[in-house]
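Next come the chains, spelled out residue by residue.
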Amino acid sequence: MPRPHRRLASTCIGTVTAGLLATGAALAAPEKEQPRGSDIAMGAFLDSGQSGVSRIPQLSRWLGGKEIRVGHTYLPGDRWARIENPDFLDAWAQWRRARPDRLFVLNVPMQEHNEDHVPDREVARLIRAGAEGKFDHHFEQLAHKLVELGVPDTVIVLGWEMNGATYTHRCAPDPEGWKEYWNRIVNTMRSVPGQQFKFDFAPNRGSDAIGWTKCYPGDDVVDVVGMDSYDQAPGKTFDEMVSQPYGLQQHVDFAKAHGKEISYPEWGLFRHGDNPVYVQRMLKWIEQHKPLYHTITDYCPHGVWQCKQNPRSAKAFRAALAPERPDPVVPTPVIPTPVVPTPVIPTPVVPTPSIPTPSIPTPEVPVPSPVIPTPGLPTPGIPLPVPSPETPSTSPSPGTSPRPEPAPVPVPEPVPVPSPAVPSPEVPVPVSPDPVPVPVSPDPVEPSPQLPAPESPSPEPAPEPVPSPALPSPQPPVGPGPSPDPVPVPEPSPVLPPAVPKPQPAEPPVNSTEWCVPINFGEWLSKLVGKQSVCVKVGWGEDSGFWPW
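What counts, and where the lines are drawn
Residues numbered from 1 in each chain as written. Predicted model: local features only at pLDDT ≥ 70, side-chain atom pairs only at ≥ 80, totals over all residues. Heavy atoms only, no water. Salt bridge = Lys/Arg side-chain N within 4 Å of Asp/Glu carboxyl O. Helix = DSSP H or I, 4+ residues; strand = E, 2+ residues; numbered from the N terminus. Disulfide = S-S within 2.5 Å. Axes fitted to C-alpha atoms, helices over the stretch in contact; angles between N-to-C directions. Parallel < 35°, antiparallel > 145°, perpendicular 65-115°, else oblique. Left-handed = near helix turned anticlockwise from the far one by under 90°. Contact = heavy atoms within 4.5 Å. Nonpolar A, V, L, I, M, F, W, Y, C, P; charged D, E, K, R; others polar. Buried < 20%, exposed > 50% of the residue type's maximum accessible area, 1.4 Å probe, protein only. Pairing = 2+ DSSP bridges. Expected span 1.5 Å × (residues − 1). Phe/Tyr/Trp six-rings, centres within 6.5 Å; stacked < 30°, edge-to-face > 60°. Lys NZ or Arg CZ within 6 Å of the ring centre and 35° of its normal. Right-handed = clockwise from strand over helix to strand, strands pointing away.

J.: Explain the pattern of salt bridges to me, using residue names and the numbers behind them.
T.: Applying the stated criterion to the full structure yields 14 salt bridges. Ionic pairing is found between Arg 281 and Asp 239, a salt bridge with its closest N-O pair at 2.5 Å. Of the two residues, Arg 281 sits in helix 11 (residues 276-289) while Asp 239 sits in helix 9 (residues 238-243), which places them 42 residues apart along the sequence. What you see here is one network of salt bridges that share partners, running through Glu 67, Arg 99 and Asp 101.

J.: So, the state of the cysteines: which residues are in play, and what are the values?
T.: Covalent bonding between the sulfur atoms of two cysteines defines a disulfide. Under the counting rule described, the total for this entry stands at two disulfides. Here Cys 171 is linked by a disulfide to Cys 215, with a sulfur-sulfur distance of 2.2 Å. In this structure the cystine formed by Cys 171 and Cys 215 twists about its S-S bond by roughly -100°; its chirality is therefore left-handed. Separated by 44 residues along the polypeptide, Cys 171 in the loop between strand 4 (155-158) and helix 8 (175-190) and Cys 215 in the loop between strand 5 (198-201) and strand 6 (224-226) bring together distant segments of the chain.

J.: Please provide a residue-by-residue account of the packing of helix 11 against helix 12 (residues 311-321), values included.
T.: Orientation of helix 11 relative to helix 12, taken along the N-to-C sense of each, is 25°, at an axis distance of 8 Å. On the basis of their axis angle, the class for helix 11 and helix 12 is roughly parallel. In this structure, helix 11 crosses over helix 12, and the sense of that crossing is right-handed. Judged by residue contacts, Pro 276, Val 279, Gln 280 and Leu 283 of helix 11 engage Arg 312, Ser 313, Ala 316, Phe 317, Ala 320 and Leu 321 from helix 12. Grouping the constituent residues of the contact of helix 11 with helix 12 by class yields seven nonpolar, two polar and one charged.

J.: Explain the pairing of strand 2 (residues 70-74) to me, and be specific about the residues and the numbers.
T.: Where burial is concerned, most of strand 2 is hidden: five out of the five residues are buried. Of the two faces of strand 2, both are covered, the one formed by Val 70, His 72 and Tyr 74 as well as the one formed by Gly 71 and Thr 73. Sheet topology note: the strand 1 (residues 41-45)/strand 2 ladder contains two bridges and is parallel. Bridge assignment links Ala 44 to a residue of strand 2, and that residue is Gly 71. The pairing of strand 2 with strand 3 (residues 103-108) spans five bridges and is parallel. What sits directly across from His 72, in strand 3, is Val 105.

J.: Any details on the packing of helix 10 (residues 248-257) against helix 11? Residues and values, ideally.
T.: The description of two packed helices rests on the angle between their axes and on the distance between the axes. Running from N to C, helix 10 and helix 11 cross one another at 15°; their axes reach a closest spacing of 13 Å. Between helix 10 and helix 11, the interaxial angle falls into the category roughly parallel. Two packed elements cross with a definite hand, and for helix 10 against helix 11 that hand is right-handed. Here Leu 248, Gln 249 and Val 252 of helix 10 come into contact with helix 11, specifically with Met 282, Trp 285 and His 289. Per-class residue counts for the contact of helix 10 with helix 11 are four nonpolar, two polar and no charged.

J.: How would you explain unusual backbone geometry if you had to name every residue and give the values?
T.: One can expect most non-glycine residues to show negative phi and most peptide bonds to be in trans. Cis geometry marks the peptide bond from Ala 233 to Pro 234; its omega dihedral reads 0°. Here Pro 234 is to be found in the loop between strand 7 (229-230) and helix 9. Here His 113, not a glycine, exhibits a phi torsion of approximately 50°, which is positive. One can find His 113 in the loop between strand 3 and helix 6 (120-131). You can call His 113 partly exposed: its relative accessible area is 39%. Of note in the backbone geometry, Tyr 246 takes a positive phi value of approximately 60° without being a glycine. Secondary-structure assignment places Tyr 246 in the loop between helix 9 and helix 10.

J.: Please provide a residue-by-residue account of helix 11, values included.
T.: Here helix 11 spans 20 Å end to end across 14 residues, near enough to the 20 Å set by a 1.5 Å rise per residue. Among the residues making up helix 11, those that are buried are Pro 276, Tyr 278, Val 279, Met 282, Leu 283, Trp 285, Ile 286 and Glu 287. Buried positions along helix 11 lie against strand 7, helix 9, helix 10, strand 8 (261-268), strand 9 (293-297) and helix 12. Once helix 11 finishes, Lys 290 follows within two positions and takes phi at roughly 50°, a positive value.

J.: Run through the packing of aromatic side chains, naming residues and quoting values.
T.: According to the stated counting rule, one finds 20 aromatic pairs in the structure shown. An angle of 75° between the planes, with centres 6.4 Å apart, marks the rings of Phe 197 and Phe 199 as edge-to-face. The two residues Phe 197 and Phe 199 agree in class, both being buried. Put simply, the rings of Trp 178, Trp 182, Phe 201, Trp 212, Tyr 216, Tyr 246 and Phe 254 touch in pairs and so form one group of aromatic residues. Residue placement shows Arg 271 over the ring face of Phe 270; its charged tip is 4.0 Å from the ring centre.

J.: If you had to explain the pairing of strand 5 to someone new, which residues and values would you point to?
T.: When a strand is regular, its side chains alternate between the sheet's two faces. Where strand 4 and strand 5 come together, three bridges link them in parallel fashion. Along strand 5, the bridge assignment pairs Ile 156 with Phe 199. Crossover strand 4 to strand 5 through helix 8 is right-handed. Examined bridge by bridge, strand 5 and strand 6 share two bridges and lie parallel to one another. Bridge pairing links Phe 201 to Val 225 in strand 6.

In structure tokens:
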């Protein structure tokens, strides 16, 4: 068993060893790389007025949703009226107020006619006039305008690129006077109630016309030390741009020495054309040194979005700034379970040959109900009942009258007329002394009820038959029957029986008359048998032997 003091020593040695290992691991671990599109305020100069504001969301979409937090524009340097009271600041102020984390950057010239190539002698005179306070009221007016618009915290890039040889507000003709003039402007604008401005001192990269450190106006009137850096000389490579005098490295060091934030108000492509290496290196530099903001000048030849002549640089710009997708967790490539689309073998929708169901218009042939015209045939003269031997009667029964023909006139039944059949040659029996002679047919051959009686040869009445003691035979039907084939009957013999004198009353009966009624058999039957008529003599007195019904 180890001794207690040795155990303590072992524990101490182990602890020290673990500490050394941890320190070594920390030293060996690579510095964690910043994510793409980090939260450094980024923007672009897209245009000075309203159109510049409206293009911001379009640039954001082009960058895959990257938030554009910096709105950057310039005041025109043509005349004082447009410097102290610009007419397009309202749109920018509105954009800035929409989000508290946005930044409005405004480049302000220190002189009018700022790009008119004014000679050094005139520039020196203007610098002295400004240092003496001749132009203070213009900057005071501008400060009031910005506060009234609700953008009192505007970043003012005053007298930018003062170390160059271009602008009228350049520093080289009188560096000391220039610094005094800068102080005058800053103090005038800060005197306006409500202001919270930040003043950005932003020279060109490199020595240019004068080393920019010689124009630095002092820490009390500078809030940010900026630098404009385009892909141009001095320096051919990005490393030269970093290490040259008054270059990128000196800029960072100078700001740090003065306790100031840095910025890159303008940067972009230029003399070396479409140079994606410059874009990549510049963005990496910005990411490393964390400026307050940076804005690329986005018009040709400097830009990458609105300028289409730099496609490779544009691609590099987007790759570096577009928000990083949470993709390392490669979304298990939802290899769409090959929903082998159950080969929707298109059920050969044999297009049911849309044989347009021949909309055969159901011929609405008005099928007339077969109104079979009830032939206007006279109901075949159903023979009126003739007195049978059992019930002799001299008048027809009213219940057995034939169906009335179309002619509404009732046909009175005639007194039995002797059949036109040939009378029997038998000698007629003398008339019974009975005053009422009963005419009897001389045993005529009973015709078939279907056969029609032949037409009488003449309408003349046949001679009265001699009464026979025999009972009267049934009367043949009055009028012709409907049979279409009448059986011809032989012409009656011309020998007539001797006329039996008919007892005539002393004078004709008072109420006797003779009716002749035409019988209508219908059109087609009339043509067959001819028109017929029946005459009946009816007596209405006692002696007539006939009583009406």
